[in-house]
Amino acid sequence: MHPQAAHAGAILTVDLDALRSNYRFLRQQAGSAICGAAVKADAYGLGAERVGPALAAEGCRHFFVAHLDEGIALRPHLPATAQVFVLHGPPVGAEQEFIAHGLIPVLNSLQQIQAWHMLAESLQRPLPAIIQVDSGMSRMGLPAAEAEAWLADPRFLQSIPPLFLMSHLACAEHQNHPMNASQLARFKTLRQRLPQVAASLANSSGIFLGPDYQFDLVRPGAALYGIAPVAGAANPLQPVVALHGRILQTRTIQRGDHVGYGISYSATEPRQIATVGVGYADGWLRSMSNRGVVFIDDHAAPMVGTISMDSITIDATGIAAQRLQAGALVELIGPHRAVDEVAHSAGTIGYEILTSLGNRYYREYIES
Ligand SMILES: *Cc1c(COP(=O)(O)O)cnc(C)c1O
């Protein structure tokens with residue numbers, strides 16, 4: 001163990017071997033489509049500077065971030081042959097930054113297309129981009145009328161060669177949701193107008209909707225990081241993240257004693273309470289108060305009392321005192337407790353658990 005890990009309050013482990021294995025699995029699921037990677041939000045909290053190069057080593061060359069600044073930070077860590085796409089497109093007036101940093105925008109509105117077109121004119125060369133169209137989610141991408149205006153103006157297609165026509169699915173994790181077929185139909189109709197342009201529709205879950213949804217490029221994020229892509233089905237991905245927190249102290253409480261802020265838990269019989277040094281400031285969501293469990297070896301220990309900023313209290317009754325000493329590690333995420341299960345106990349999704357992970361953890365990357 002690294003000396004800093006030996007005293008760290010909590011240890012976040014990111015298994016880059018498992019990440020790479022997940023990438024290979026998804027690429028295989030995607031058939032003939034290219035497999036890109038969504039590495040926005042610091043690779044869903046796992047660290048884009050480590051995740052990006054690990055995926056590049058597997059041959060990934062299409063990376064998606066949300067913000068321009070994420071792209072600027074990531075670009076130097078990737079091979080020159082990799083393309084970094086910025087999902088939000090150029091912030092107003094920042095088009096030039098994309099050229100300076102070797103980034104490619106996803107253009108989502110006629111306004112962004114016009115601004116990018118002006119830059120291409122002033123540089124007197126075509127500037128490729130991804131064009132995103134709205135196929136029904138009403139979030140990002142050209143609404144139908146703007147898509148028509150774009151297609152109607154031949155100058156745009158000349159100055160901005162589309163690398164991909166792109167859209168995004170709203171309900172892909174629910175395989176029988178009628179929205180999937182509806183979005184696919186709208187996307188295909190638009191695509192017929194530009195049959196020579198490559199296309200991209202699927203996120204992680206979209207890959208598992210089958211070949212019709214895969215087109216030329218898929219853009220998984222969550223599944224790379226071990227989150228289950230299909231609602232109600234077994235998770236075929238390997239876990240990538242583990243989180244272990246340290247016991248700070250242990251006490252026995254009696255019937256009628258209380259635990260934590262607001263005394264939301266009271267004992268009805270003697271209980272062994274251990275305090276662990278992870279709290280909501282570490283992204284251990286307060287909504288899990290009195291709901292989730294952590295693991296001590298094979299034993300589930302329920303979280304009792306309200307989650308504090310820097311600590312949680314767990315009911316470790318029945319677990320050997322030897323195993324509850326100050327400094328001992330307990331498993332918050334790991335082989336006994338999947339990210340998706342943690343999310344369920346917090347009333348949220350695995351995405352939010354990962355992207356909430358704090359900066360206070362000692363981070364350990366496994367890479368063989
Ligand atoms: C975040 C994002 C993805 C990746 O989605 P996952 O569900 O994490 O696989 C793909 N495309 C777009 C446009 C996104 O915003």
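The preceding data block contains the structure.
These figures come from a predicted structure and were not determined experimentally.

Cut-offs applied
Residues numbered from 1 in each chain as written. Predicted model: local features only at pLDDT ≥ 70, side-chain atom pairs only at ≥ 80, totals over all residues. Heavy atoms only, no water. Near = heavy atom within 4 Å. Polar contact = N/O pair within 3.5 Å; in protein donor to acceptor, adjacent residues only side chain to side chain. Axes fitted to C-alpha atoms, helices over the stretch in contact; angles between N-to-C directions. Helix = DSSP H or I, 4+ residues; strand = E, 2+ residues; numbered from the N terminus. Parallel < 35°, antiparallel > 145°, perpendicular 65-115°, else oblique. Left-handed = near helix turned anticlockwise from the far one by under 90°. Contact = heavy atoms within 4.5 Å. Nonpolar A, V, L, I, M, F, W, Y, C, P; charged D, E, K, R; others polar. Buried < 20%, exposed > 50% of the residue type's maximum accessible area, 1.4 Å probe, protein only. Pairing = 2+ DSSP bridges.

Peer 1: I'm lost on the site of the ligand in this one. Help?
Peer 2: Surveying the vicinity of the ligand reveals 14 residues, the closest of which are Lys40, Tyr44, Ser204, Ala222 and Tyr351. Between a nitrogen atom of the ligand and a side-chain N or O atom of Arg219, the distance comes to 2.9 Å.

Peer 1: Help me out: how do you make sense of the packing of helix α2 (residues 16–29) against helix α4 (residues 48–57) in this one?
Peer 2: The geometry of a pair of packed helices is captured by two quantities: the angle between their axes and the separation between those axes. Two elements in contact, α2 and α4, have axes separated by 9 Å at closest approach and are oriented at 50°. Between α2 and α4, the crossing angle belongs to the class labelled oblique. For the pair α2 and α4, the crossing hand works out as right-handed. Judged by residue contacts, Leu16, Leu19, Arg20 and Tyr23 of α2 engage Arg50, Val51, Ala54, Leu55 and Ala57 from α4. The residue makeup of the contact of α2 with α4, split by class, is seven nonpolar, no polar and two charged.

Peer 1: Just to check I follow, could you spell out the environment of Ala346 for this structure?
Peer 2: With respect to the element layout, Ala346 can be found in helix α12 (residues 339–346). For the pair Ala346 and Asn108, spaced 238 residues apart in the sequence, the C-alpha separation amounts to 33 Å. Contacts of Ala346, omitting those with residues within four sequence positions, involve Leu285, Ser287, Met288, Arg291 and Ile353.

Peer 1: Looking at this model, I keep getting lost on the pairing of strand β17 (residues 312–315). Mind explaining?
Peer 2: Within a regular beta strand, the side chains point alternately toward one face of the sheet and then the other, so they alternate between its two faces. Of the two faces of β17, the one holding Ile312 and Ile314 and the one holding Thr313 and Asp315 are both buried throughout. By the bridge criterion, four bridges tie strand β14 (residues 271–276) to β17 in an arrangement that is antiparallel. Residue pairing for β17: Val276 is matched across the bridge by Ile312.

Peer 1: When you look at unusual backbone geometry in this model, what are you seeing that I'm missing?
Peer 2: Outside of glycine, negative phi angles account for most residues, and trans bonds account for most peptide bonds. Notably, Asn290 is not glycine yet its phi reads approximately 60°, a positive angle. Relative to the assigned elements, Asn290 resides in the loop between β14 and β15 (293–296). Under the relative-accessibility criterion, Asn290 is labelled partly exposed at 34%. Non-glycine residue Asp297 carries a positive phi angle of around 50°. Note on Asp297: relative accessible area 44%, which makes it partly exposed.

Peer 1: I tried to follow the side chain of Ser308 on my own but got confused; where do I start?
Peer 2: Of note, Ser308 is situated in the loop between β16 (299–302) and β17. Relative accessible area serves as the criterion here: at 16%, Ser308 is assigned to the buried category. Once you skip the residues sitting within four places of it in the chain, Ser308 turns out to touch Tyr261, Gly279 and Tyr280.

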